[in-house]
Amino acid sequence: MKPGAFRWLASCGVAVFAALAALGPSPGRAATTFEDSLAQRTLACTACHGQQGRAGPDGYYPRIAGKPAGYLYNQLLNLRDGRRHYPLMTGLLDPLSDRYLLEIAQYFSKLDVPYPAPTVTTAQPAELQRGQALATRGDAAKNLPACVQCHGKALTGVAPNIPGLLGLPRDYLNAQLGGWQTGQRAAHAPDCMAQIAKRMSAQDVTAVAAWLSAQPLPTDTHPAVALPAPQPANIKMSCGSAPVIAAISANAGAGKSQVLQVPAPTPSSADSTLVARGAYLARAGNCMGCHTTRGGASWAGGRGIDTPFGTVFSSNLTPDAATGLGNWSANDFWGALHHGRSKDGRLLYPAFPYTNYTQVTRPDADALFAYLRSLPKATQANRAHALRWPYSTQAALYAWRSLYFTPGTHTAVAGKSAAWNQGAYLVQGLGHCSACHTARNALGGSGQQSDLAGGLIPMQNWYAPSLSSGREAGVAGWDTAQIVALLKTGVSPRGGAVLGPMADVVLGSTQHLSDDDLMAMAVYLKDLPGGHSVATAGPSVPPTASSPAKVPDRGAKIFEKHCVDCHGSTGAGVPGAYPPLAGNRAVTLALAANLVQVVMYGGFAPATQGNPRPYGMPPYLLQLGDADIAAVLTYIRSAWGNSASAVTELEVNRFRSMQKQ
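Residues numbered from 1 in each chain as written. Predicted model: local features only at pLDDT ≥ 70, side-chain atom pairs only at ≥ 80, totals over all residues. Heavy atoms only, no water.

Focus: empty space enclosed by the protein
For step 1, the next point in the chain: Applying the stated criterion across every chain, the model contains 6 cavities of 30 Å³ or more.
For step 2, the next point in the chain: For the largest cavity, the calculated volume is near 820 Å³.
For step 3, the next point in the chain: Lining the largest cavity are 38 residues, with Tyr71, His151, Pro163, Trp180 and Met193 positioned closest to its centre.
For step 4, the next point in the chain: Elements supplying a minimum of two residues to the lining of the largest cavity: α3 (69-81), α7 (147-151), α8 (170-182), α9 (192-198) and α10 (202-213).
For step 5, the next point in the chain: The greatest single-element share of the lining of the largest cavity, amounting to 5 residues, is contributed by α8.
For step 6, the next point in the chain: Residues belonging to the lining of the largest cavity are distributed by class as follows: 26 nonpolar, 9 polar and 3 charged.
For step 7, the next point in the chain: Taken as a whole, the second largest cavity holds about 210 Å³ of empty space.
For step 8, the next point in the chain: Around the second largest cavity, the lining comprises 19 residues; the ones closest to its centre are Ala497, Ala577, Tyr578, Pro579 and Tyr615. (1 Å grid on protein atoms, 1.4 Å probe; cavity = no way out; pocket = protein on both sides within 12 Å on 5 of 7 lines; lining within 4 Å. Points joined across faces, edges and corners; volume = space filled by probe spheres on them. Helix = DSSP H or I, 4+ residues; strand = E, 2+ residues; numbered from the N terminus. Nonpolar A, V, L, I, M, F, W, Y, C, P; charged D, E, K, R; others polar.)

Section: the pattern of salt bridges
For step 1, the next point in the chain: A complete count under the given rule lists 18 salt bridges for this structure.
For step 2, the next point in the chain: One salt bridge in this structure joins Lys557 and Asp553, with 3.1 Å as the shortest N-O distance. Of this pair, Lys557 and Asp553 both sit in helix α23 (residues 553-562), 4 residues apart, roughly one helical turn.
For step 3, the next point in the chain: According to the relative accessible area criterion, Lys557 is exposed, its value standing at 56%.
For step 4, the next point in the chain: Among the residues examined, Asp553 registers a relative accessible area of 46% and is labelled partly exposed. (Salt bridge = Lys/Arg side-chain N within 4 Å of Asp/Glu carboxyl O. Buried < 20%, exposed > 50% of the residue type's maximum accessible area, 1.4 Å probe, protein only.)

So, the side chain of Ser434
For step 1, the next point in the chain: Of note, Ser434 is situated in helix α19 (residues 434-437).
For step 2, the next point in the chain: Accessibility expressed as a relative area gives 1% for Ser434, which makes it buried.
For step 3, the next point in the chain: A distance of 2.9 Å separates the side chain of Ser434 from the side chain of Asn356, its partner in a polar contact. (Polar contact = N/O pair within 3.5 Å; in protein donor to acceptor, adjacent residues only side chain to side chain.)

Here we look at unusual backbone geometry
For step 1, the next point in the chain: Backbone torsion omega between Ala159 and Pro160 reads 10 degrees, so that peptide bond is classified as cis.
For step 2, the next point in the chain: With respect to the element layout, Pro160 can be found in the loop between α7 and α8.
For step 3, the next point in the chain: A cis amide bond links Trp389 to the next residue, Pro390, at an omega of 5 degrees.
For step 4, the next point in the chain: Considering the arrangement of structural elements, one finds Pro390 in the loop between β3 (386-387) and α17 (394-404).
For step 5, the next point in the chain: Of note, Gln52 is a non-glycine position whose phi angle comes to about 60 degrees, a positive value.
For step 6, the next point in the chain: Along the chain, the position of Gln52 falls in the loop between α2 (43-49) and α3.
For step 7, the next point in the chain: Of note, the phi angle at Asn461 is positive, near 60 degrees, even though the residue is not glycine.
For step 8, the next point in the chain: Counting through the fold element by element, Asn461 comes out in the loop between β4 (455-456) and β5 (463-464).

Some thoughts on the confidence of the model for the chain
For step 1, the next point in the chain: The share of residues in the chain with pLDDT of 70 or more is 83%, and the mean pLDDT across the chain is 84.
For step 2, the next point in the chain: Residue range residues 1-31 is modelled with pLDDT below 50. Its contacts to residues more than four positions away, or to other chains, number 160 contacts.
For step 3, the next point in the chain: Below a pLDDT of 50 lies the segment residues 533-551, which in the model reaches 33 contacts outside its immediate sequence neighbourhood of four places, other chains included. (pLDDT = per-residue confidence, 0-100. Contact = heavy atoms within 4.5 Å.)

Focus: the packing of helix α25 (residues 593-601) against helix α26 (residues 626-638)
Helix packing for two helices is described by the angle between their axes and how far apart those axes are.
For step 1, the next point in the chain: For the pair α25 and α26, the least separation of the axes is 11 Å and the interaxial angle reads 125 degrees. In terms of orientation, α25 lies oblique with respect to α26. As for the relative orientation of α25 and α26, their crossing is right-handed in sense. Contacts between α25 and α26 pair Leu595, Val596, Val599 and Met600 from the former with Ile629, Leu633 and Arg637 from the latter.
For step 2, the next point in the chain: Its residues assigned to classes, the contact of α25 with α26 comprises 6 nonpolar, no polar and 1 charged. (Axes fitted to C-alpha atoms, helices over the stretch in contact; angles between N-to-C directions. Parallel < 35°, antiparallel > 145°, perpendicular 65-115°, else oblique. Left-handed = near helix turned anticlockwise from the far one by under 90°.)

Right, here's the structure in full:
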């Protein structure tokens, strides 16, 4: 086994400081004028969709400016929750709340900017005639309603939820119709586009895409405000009718309110206090994050956890008797947490972090079980793991456990405060922070759970930095209130914000914990051995505009073009918006994995109650090549007093190729 085997997704941990948080003092004000606006907060969107959402230059990223707010909102929900598939967008939207997505949708819907000229078509006249017929009259023989039936007589859309079809590139239209045909796109019932697209031939798709992309825009490009007229009598399909369109409108935003949100318990005979305690503990362990597949029923399992040895699928934790925990007892559940054994005696894979959960007390285990028993039932069969031999065998698990697992019990440490001991219990137990922050050996085993000396998260390829080193992410030099603020809001009072896996952790877990428990975790983390090795990690000299002159010119030019507007010419960033790059320990880590991830894929800080409208980092995956990314990161890691090794093109390429798309 390779290091990091059998480790949960980082979204299950509680204190994963694997982000571009500013872990040193903010070095000064930004060098650029900063405007707090939705335009500034959504730069991660316009990086691909063009300035003001006018459309990307490549013919694939569509115009979003001026589209109906309900449509934009639904698509953001669909991309985040798995009904529409595009990993780059899903990764950006994962840490954002429904409320913020709605605000973003409303912002772009109100932008009234010119459309581009229609593309010059190379389609043959017969193909264009077929496309026009489908768009304006439909095809009774195939039971296809006309596009104008739903999208408006002028094909500019119908408010609030139906988009316009003009001004879109041919390639984009082709791709989306293909997505409906293959199930890569889906919507809440009535899913009319899926029904319609599956009745279209490949020739129909290319014909209608060619005709639509070549049409001039009408004088008034705004969406219509009235429902279309009833469909022709010879079209029997209900999609396109006014009642169905009204139903689509009623389903606006019908997606789940938050993938990681713990639903309120349904009434049960269980003691309400015990159930409430269990719900809180489920938050602390971020259990729902792994036991809910994207867009699926809450707690019903099925989420695939990729490991170097194959995929482990999470189990159904609802009280369904056939597929969930309906026939389990509290003793059975305790056996899973404490001993890593299922009800039938099978050894569980340590992707389920029982190596940490063995520390959970029996009363807390019973509370968790009571909460899970109170959840709505969901009938969803558990998926068989897809692991390679011999890792798929019970014999391999017996061997692994003999080396790396001994059931344990959390015991208070004499001489330590009650807060310290509570923090240790949360970090070492339900928080399972060591699942990401502790290095693994060749067999996937680790040392002490309290080590927290850092490790690369397998498959995701984010580095969870050491929490016991002042040079990485140790917080011995922080005030406890600053640690609490980062865990509660995702924003550091010292100038930065969490991105990547840590954004999921804050979103789904730590922002919901009590101040007392967050304070306890802070007390424990401050006292980790080695955390005092470097009290601060600020720049060795005050940041100046002339400091970067010593680094390679190529990286400086890329920084000037893409980065300076947000992070400033001195790397100072903008407090509360963009993290400083000068004096930031996350920038100068020995392993540049996190920097590569952030530059390639961008990201938002989590939309928490304390920071509901976070700023986004644009993804540069499609704009910068490996050599460009290596150059700009080398520049950043050596400018303004930073002192870290260069990033090579090979290193960037390695992380790009390992990233699962």
